[in-house]
Amino acid sequence: MPRYDDEVKRIEAKWQAYWDQNQTFRVDVLDRIPDTNCANVPQLPIAVQRNSHRESGIATQNPSFDAHEKMYVLDMFPYPSGAGLHVGHPEGYTATDIVCRFSRMRGKQVLHPMGWDAFGLPAEDYAIKTGTHPAVTTAKNIETFKRQLKSLGFSYDWSREFATTDPEYYRWTQWIFLQLFDTWYDSTYVWTGPDGKSRTGKGRPIAELPIPEEVSQAGSAAVRRYQDQHRLAYQHEAPVNWCPELGTVLANEEIVDGKSERGGHPVERVPLRQWLLRITAYGDRLANELDDLHWPESIKAMQKNWIGRSEGAEVDFYLGGTGLGYEQWKASRASSGFSREPGADELRIYTTRPDTLFGVTYMVLAPEHPAVNRLTTMEHKEAVEAYRQQAATKSDLDRTDLAKGKSGVFTGGYAINPVNGERVPVWIADYVLISYGTGAIMAVPAHDERDLEFAKQFQIEIKPVVAPVGESTGTTEGFFDYGVAINSGAYSGLPTLEFKAKITADLESGGLGRKAVNYRLRDWLFSRQRYWGEPFPIWHELDANGQPTGLLRTDPAESLPVRLPEMADFKPTGTPEPMLSKAPTEWLYATAPDGTRLKRETNTMPQWAGSCWYYLRFADPRNDQHFLNPAIEKQWLPVDLYVGGAEHAVLHLLYSRFWHKVLFDRGHVSTAEPFQRLVNQGMILGEVEFTGYVLGNGTDDPNRQFVSVRDLKAGVDEEGVATRIVEKTGEVAIPVTLSVEQIEKKGDSFILKEHPEIVVDSRAHKMSKSRGNVINPDVVVDQFGADSLRLYEMFMGPLEAVKPWSMKGVEGVARFLGRVWRMIVDEPNESQTQLSSAVQDVPPTPAQLRVLHRTIKAVTRDVESLGFNTAISRMMEFVNEFLAFDVRPKSAIEPFVLLLSPFAPHISEELWELLGHTKSLAYESWPTFDEKYLVETEIEVPIQLNGKLRGKVTVPAGSDQATIEAAAKAEATIAGQLEGKTIVKTVYIPGKMVNFVVK
RNA sequence: GCCGAUGUGGCGGAACUGGCAGACGCGCUGGAUUCAAAAUCCAGUGUCAGCAAUGACGUGUGGGUUCGAGUCCCACCAUCGGCACCA
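Residues numbered from 1 in each chain as written. Chains lettered and ligands numbered in written order. Predicted model: local features only at pLDDT ≥ 70, side-chain atom pairs only at ≥ 80, totals over all residues. Heavy atoms only, no water.

Draft legend 1. Layout of the environment of Gly-867. As for its position among the elements, Gly-867 is in the loop between helix H24 (846-864) and helix H25 (868-882). Residue Gly-867 is classed as buried on the basis of its relative accessible area of 13%. Placed 772 residues apart in sequence, Gly-867 and Ala-95 show a C-alpha to C-alpha distance of 9.6 Å. (Helix = DSSP H or I, 4+ residues; strand = E, 2+ residues; numbered from the N terminus. Buried < 20%, exposed > 50% of the residue type's maximum accessible area, 1.4 Å probe, protein only.)

Here it is in structure tokens:
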């Protein structure tokens with residue numbers, strides 16, 4: 001007899017083909033809207049979905065429901081790796097698919113696209129090894145991914161598919177780069193955007209950049225250079241993170257613990273000319289505009305942290321030496337005010353604690369600071385030079401983690417503290433970074449941990465100027481909190497916050513300082529030296545000797561895309577010289593109409609470029625006139641629900657918000673934020689493993705001895721690989737995988753059955769090739785079917801939670817689908833399936849109606865709140881109850897199939913067809929519930945004595961308090977316990993509970 | 001160190017606004033069916049005591065608020081994730 005598990009493959013293939021052939025999930029919105037660059041296109045209603053047959057089936061009960069409401073549901077852009085799909089992918093994809101299928105059934109217009117983030121290193125690394133062109137590898141990987149996704153029955157509109165590597169796509173990535181290049185940030189511009197909100201600061205066309213008189217007088221080349229310095233996309237020569245192993249430089253966001261995020265390779269600091277994007281200009285808006293988004297608080301916090309806005313003051317310290325004395329300098333500042341740039345005789349510092357100015361006992365410059373030469377005296381010159389040399393070659397990792405303790409040298413120079421005229425020594429030290437603030441600090445060891453450590457090491461004076469609230473003396477041991485000022489002249493006695501505000505204002509009026517804001521965020525290093533990325537639409541002008549003049553030209557927008565040149569040799573250059581410098585001459589060089597020789601920019605864009613705006617292109621993927629039709633943009637954007645892993649918290653999600661804001665400022669999009677709601681799916685770990693640890697010569701040693709994990713600590717073996725070692729002796733413990741039979745639970749931990757004193761590890765590990773615990777979705781689909789995989793991924797637990805895989809769990813949901821099948825289907829013989837004789841056209845009983853409507857209510861509420869695991873539980877309860885009924889009314893079974901369909905669409909379509917329907921259920925109306933069927937005739941009321949459950953009484957629904965109390969007192973156990981006691985108080989929660997407080 | 005999240009049976013997890021802790025699933029135990037097995041079905045399953053009715057204990061730990069706390073408040077512990085000389 002054919003059973004559900006024998007039918008799965010046939011059913012799933014059948015409906016996948018059906019959806020494909022009928023283009024069930026295609027949304028054709030604005031096929032015939034003329035494309036235009038004009039932003040004033042009237043808003044057009046979305047055309048009716050082609051497959052809509054919404055008029056049939058159960059009536060929609062919600063009259064306020066807008067049938068034309070749009071819903072843009074997006075999965076994070078996958079990188080099509082050679083390894084194929086991982087079970088982590090279908091987790092988020094199933095969740096969004098359920099939301100989409102549910103929303104369609106509720107009459108919404110759903111945009112649910114899929115495509116490929118296909119540029120990137122792996123395909124190029126493969127090319128280096130095998131000579132296969134990255135385009136070939138990429139196409140093959142995309143094919144695998146697509147086949148796998150299709151096998152899971154996701155309702156994507158595949159007609160919108162594209163890859164970032166398609167020249168028709170990267171044409172517009174380059175076009176957006178030109179927008180960035182054409183934009184400068186006017187931080188004082190006040191304006192109101194199309195969203196009706198007022199903002200300060202706007203990205204404006206470079207042509208609107210005011211040119212200072214002295215610049216325009218210096219000629220057109222000077223003007224061009226001045227503009228280039230102010231663009232959002234600019235070139236800069238500075239030490240960058242060069243990763244020799246990857247053959248490219250990396251952005252700060254791509255460095256984790258001083259190593260490359262991808263592959264964990266070492267990174268060196270090398271000075272190089274690079275392209276940067278001025279994301280820092282948008283720091284405030286990127287931080288503040290997070291507030292209104294429906295995102296996890298943790299991601300918002302991570303982004304705010306990464307941006308790291310701090311408020312403080314810039315203060316000038318006088319260095320002397322021009323003949324002007326300190327007093328005269330101060331007087332001149334009082335009349336002229338704070339200067340735009342610090343002069344040669346001044347040292348400008350940034351501090352968040354201007355209230356500690358009276359506690360300054362030394363100052364520190366970053367080793368790279370330009371004032372070092374000016375300050376260094378003859379006798380210290382040698383030591384300073386040596387220190388600078390050493391600092392320059394140190395990697396960031398050496399400068400932080402590994403360096404225990406601080407280093408630095410005295411320059412011999414002094415600066416004068418503007419608040420009290422004291423002379424303070426100036427040092428250089430690598431704990432001050434040239435790239436933050438002004439690259440110079442005032443050191444207050446009494447109130448800054450780092451300064452304290454440094455001062456102790458070099459025996460520098462520690463001068464407390466803040467005391468804890470309620471105390472009158474400070475400490476030289478360090479006090480880093482806010483408090484009350486002491487030893488601070490006229491300011492003494494002021495609380496920290498007041499002090500800060502007052503002294504900042506005073507410094508400002510004296511021309512000695514000003515309020516300042518700084519960010520931890522750095523400008524985004526945007527160029528890479530690899531082949532497989534978007535070329536820049538930029539040319540460098542060459543002089544008569546073929547050397548770049550530093551002046552730039554862009555490719556005209558109409559000429560895009562700048563295609564990647566054909567290359568056969570993918571061997572890395574081994575130096576920071578980009579791969580494209582080996583491109584054919586005809587690609588590399590050109591002569592402009594005015595006769596100027598030009599050389600192409602040979603860097604390529606990072607992988608993040610393509611994924612920065614793909615969600616925009618999905619709305620209008622085939623437009624060859626514009627990157628996105630403004631009318632369509634208004635129709636579909638922003639993304640209503642975005643689901644993906646948390647690993648993109650500060651990379652993709654920050655970068656794309658930045659691009660979106662630039663496009664917003666330049667009038668190309670009408671929303672300030674791209675992603676309204678963000679949900680992070682939790683990682684899926686491998687199956688739970690039990691690990692014991694042994695001492696001895698490996699796992700085969702007969703004399704091996706188990707050690708309790710209680711006696712172990714984290715350590716490293718001889719080769720420096722992380723492992724566990726015995727806390728007392730330092731011996732290396734060898735992990736051994738144990739089976740469930742060997743284990744027992746005792747108290748809070750798991751122990752060995754045979755050696756109860758040995759505690760073992762019980763945990764699920766991240767899936768990894770090396771651990772061998774990777775679950776391949778293809779295998780699961782083959783064994784249980786796509787519906788079971790989808791259902792299990794949703795049933796495991798809350799979407800956001802990290803959770804371990806369990807094959808037994810998949811079997812469980814597969815059994816459930818088998819029960820659903822048997823609830824509806826009879827199989828009289830091998831080749832035939834027909835409706836079960838239990839499914840009849842009869843009215844449902846009140847009990848059946850109650851079960852059905854309770855299920856509709858719960859499942860609807862759960863899907864709306866993305867509580868898929870509980871929705872599935874409710875459907876399991878329905879099936880458990882309905883299998884017990886010998887007669888299963890069709891009018892109860894049909895809505896159930898509709899409820900199940902977003903979760904397990906293949907079996908649901910098949911059952912729907914067996915129930916006599918001829919069209920896909922994808923656009924049937926979602927069932928609605930009626931409270932009147934939920935009313936019970938009898939209710940069970942728990943009875944408590946002093947808040948403890950002591951019994952239950954069953955009373956007719958709607959009984960009043962007196963009736964219930966009487967019934968409660970009559971109940972045998974309660975009556976017994978009430979004997980000889982007085983009821984002091986009765987708490988009654990209508991229809992829910994009675995609590996007698998007794999003495 | 002700082003920021004964030006999470007701690008509930010043997011396991012994954014439920015419990016909407018303070019009101020029956022452990023829904024649903026896995027596993028386990030017993031039974032039915034079967035020559036046997038798979039599959040399926042039925043019953044049981046937080047811990048301890050008891051033949052049972054029932055009682056005591058129980059949501060990381062300690063305290064508090066309340067008639068009543070997994071849920072609210074305070075302090076702490078553990079695990080996971082992020083950041084880490086950013087002045």
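Draft legend 2. Up close: the sheet that holds strand S1 (residues 70-75). As summarised here, the arrangement of the four strands in space is S2-S1-S24-S25, forming an open sheet in which the pairing is parallel. Among the strands making up the open sheet, the edge pair consists of strand S2 (109-111) and strand S25 (678-680). Strand-to-strand, the axes of this sheet are offset by a mean angle of 20°, without reference to chain direction. Note: S1 against S2, three bridges, orientation parallel. By the bridge assignment, Lys-70 is partnered in S2 with Gln-109. (Pairing = 2+ DSSP bridges. Axes fitted to C-alpha atoms, helices over the stretch in contact; angles between N-to-C directions.)

Draft legend 3. Spatial organisation of the nonpolar core. Judged by nonpolar contacts, the single largest core of 88 residues is most densely connected at Trp-805, Phe-816, Phe-868 and Phe-903. With nine residues, helix H23 (residues 807-824) is the largest single contributor of residues to this core. In this view, Phe-903 contacts Ile-98, Arg-790, Leu-791, Val-859, Val-863, Phe-868, Ala-871, Ile-872 and Met-875; residues no more than four positions away in its chain are not counted. Residues Leu-277, Trp-524, Tyr-531 and Met-579 belong to the second largest nonpolar core, which totals 86 residues. (Core = buried A, V, L, I, M, F, W, Y, C linked by side-chain atoms within 4.5 Å. Contact = heavy atoms within 4.5 Å.)

Draft legend 4. Representation of the pattern of salt bridges. For the structure shown, the criterion picks out 58 salt bridges. Note that Asp-97 is salt-bridged to Arg-101, the shortest N-O span being 2.9 Å. Of the two residues, Asp-97 and Arg-101 both sit in helix H2 (residues 88-105), four residues apart, roughly one turn of that helix. Exposure class is identical for Asp-97 and Arg-101. Each is buried. When the shortest N-O distance is used, the salt bridge between Arg-600 and Asp-555 registers 3.3 Å. Of the two residues, Arg-600 is situated in strand S23 (residues 597-600) and Asp-555 in the loop between strand S21 (548-554) and helix H16 (585-588); the sequence distance between them amounts to 45 residues. By relative accessible area, which is 12% here, Arg-600 ends up buried. Through salt bridges with shared partners, a single network forms among Asp-195, Arg-199, Arg-285, Glu-289, Arg-657, Lys-661, Asp-665 and Glu-673. (Salt bridge = Lys/Arg side-chain N within 4 Å of Asp/Glu carboxyl O.)

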